[in-house]
Amino acid sequence: MNQITKKRVFVAGHRGMVGSAIVRQLEVRDDVELITRTSSELDLTNQAAVDAFFAQDNIDEVYLAAAKVGGIHANNTYPAEFIYQNLMIESNIIHAAHSNDVQHLLFLGSSCIYPKFAEQPMTEKALLTGILEETNEPYAIAKIAGIKLCESYNRQYGRDYRSVMPTNLYGLNDNFHPQNSHVIPAIMRRFHEAKLNGDKEVVVWGTGTPMREFLYVDDMAAASIHVMELDAETYEANTEPMLSHINVGTGVDCTIREMAETMAKVTGFEGVIVFDTTKPDGTPRKLMDVSRLTALGWTYTTSLEQGINITYNWFVKNVGKHRAGSL
């Protein structure tokens, strides 16, 4: 029998929510040899270390899922860390990949690259057409730079570096920190602790009226692999050299209030949901136009309630075993 030739695939950020989901899907493949490094093994903000890693490890493909991420509070509190660390990580990996003749790379961005008041749903063409949301502008600027890094290496050196822009993600291995997490894990933890403590109400930031689109992380991983493995002719026919990124989402949104009500149902919280209107809402609406991805043959499979159910079961087993004071 012929031995299967395995491609050596480096997943940067394999312990994060998206990276770990990509790993779960790639590790069952017979044609993939996974390469991972923890932050203690490889500091992705260190250019010399990243160069040495690529020079030694003969990488064939890269999924660039490593990033410093957080919610509104974290972005507002640590803007310098968000722009610096993300710029360094993506610059080091993309340049080292090119320098060591890695032809295939997928960069994972964020829907926050789009203007605060972009026409809804947001198409890929909305990029760089208006001002960004103030609360996460440094992070967004870094992610826009990542797209342009990929496009620039493609244009100048003929590389095949692609970019996908996910909507709001949630799922296994998310960050459930009470202040520095995104909206679904933050609210999930809040509802869980309220149920354990017998609280009669849960406070949610903002008015509850902003519209958000949410995508379960295993769907994001599947979409990432799908886009990475498209043949070059198909990818190029559906993108443009200087507008090459692809939106990844469901194309369906809901209000924060509706999401909170779904969270209460899933977690079993029976009290009152109170909205703190003194806290920021962020962007009024963020819905992705996913027609480009649909044309490329991929659509999501996990509904919001299904995804929250799966995530909450994981959370209870891995994070929320104890009461709030000892979490």
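Residues numbered from 1 in each chain as written. Predicted model: local features only at pLDDT ≥ 70, side-chain atom pairs only at ≥ 80, totals over all residues. Heavy atoms only, no water.

Peer 1: Help me out: how do you make sense of the overall build of the protein chain in this one?
Peer 2: Scanning the protein chain from N- to C-terminus turns up 11 helices and 13 strands. Taking 2.2 N^0.38 as the reference for a compact globule, 327 residues should give roughly 20 Å; the C-alpha atoms of the protein chain span a radius of gyration of 20 Å, in line with that estimate. By principal-axis analysis of the C-alpha atoms, the protein chain measures approximately 60 × 45 × 40 Å. For the protein chain, the residues scored as buried account for 51% of the 327 residues in total. (Helix = DSSP H or I, 4+ residues; strand = E, 2+ residues; numbered from the N terminus. Rg over C-alpha atoms; globule rule 2.2 N^0.38 Å. Buried < 20%, exposed > 50% of the residue type's maximum accessible area, 1.4 Å probe, protein only.)

Peer 1: I keep staring at the sheet that holds strand S5 (residues 160–166) and nothing clicks. Help me out?
Peer 2: The pairing of strands in a sheet happens through backbone hydrogen bonds and is either parallel or antiparallel. In space, the 6 strands of this open sheet follow the order S2-S1-S3-S4-S5-S10, with parallel pairing throughout. In this open sheet, the two strands that pair with only one neighbour each are strand S2 (32–35) and strand S10 (246–248). Each adjacent strand pair in this sheet contributes to an overall mean axis angle of 25°, direction not counted. Bridge analysis of S5 against S10 gives 3 bridges, and the strand direction is parallel. Its bridge partner lying in S10, Met165 is registered against Asn247. (Pairing = 2+ DSSP bridges. Axes fitted to C-alpha atoms, helices over the stretch in contact; angles between N-to-C directions.)

Peer 1: Would you mind going over unusual backbone geometry with me for this structure?
Peer 2: Phi is mostly negative for residues that are not glycine, and the peptide bonds are mostly trans. Looking along the chain, the bond that leaves Gln120 and enters Pro121 is cis, with omega of -10°. Of note, Asn58 is a non-glycine position whose phi angle comes to about 50°, a positive value. By the element assignment, Asn58 lies in the loop between helix H2 (47–57) and strand S3 (61–64). Judged by its relative accessible area of 56%, Asn58 falls in the exposed class. One non-glycine residue with positive phi stands out, namely Leu128, at about 65°. Turning to its location among the elements, Leu128 is positioned in the loop between strand S4 (104–108) and helix H5 (137–157).

Peer 1: Looking at this structure, I do not really get the nonpolar core. What am I missing?
Peer 2: It is characteristic of soluble globular proteins that their nonpolar side chains tend to be buried jointly. Counting 41 residues, the largest nonpolar core has Phe10, Phe54, Val62, Ile93 and Leu105 as the members making the most contacts within it. Apart from the residues lying within four places of it in its own chain, the contact partners of Phe54 are Phe10, Ile59, Val62, Ile93, Ala96, Ala97, Asn100 and Val102. The next biggest cluster of nonpolar side chains, apart from the first, holds 30 residues, and it includes Val11, Leu26, Leu106 and Ile246. (Core = buried A, V, L, I, M, F, W, Y, C linked by side-chain atoms within 4.5 Å. Contact = heavy atoms within 4.5 Å.)

Peer 1: So what exactly am I meant to see when it comes to the packing of aromatic side chains here?
Peer 2: Two measures describe an aromatic ring pair: the distance that separates the ring centres and the angle between the ring planes. One pass over the full model with this rule turns up 10 aromatic pairs. Aromatic ring contacts, followed pair by pair, group Phe176, Tyr312, Trp314 and Phe315 into a single cluster. It is Lys68 that lies over the ring of Tyr78; its NZ or CZ is 5.9 Å from the centre. Over the ring of Tyr235 we find Arg162; its NZ or CZ atom is 4.3 Å from the centre of that ring. (Phe/Tyr/Trp six-rings, centres within 6.5 Å; stacked < 30°, edge-to-face > 60°. Lys NZ or Arg CZ within 6 Å of the ring centre and 35° of its normal.)

Peer 1: Just checking my understanding: could you explain the sheet that holds strand S11 (residues 254–255) for this structure?
Peer 2: Across the sheet, 3 strands lie side by side as S11-S8-S13; this open sheet has mixed pairing. Of all the strands in the sheet, just S11 and strand S13 (285–286) have a single pairing partner and so form its edges. Examined bridge by bridge, strand S8 (residues 211–212) and S13 share 2 bridges and lie parallel to one another. Within S13, the position partnered with Arg212 by the bridge is Lys286.

Treat this as a map of the structure, not an account of what it does.
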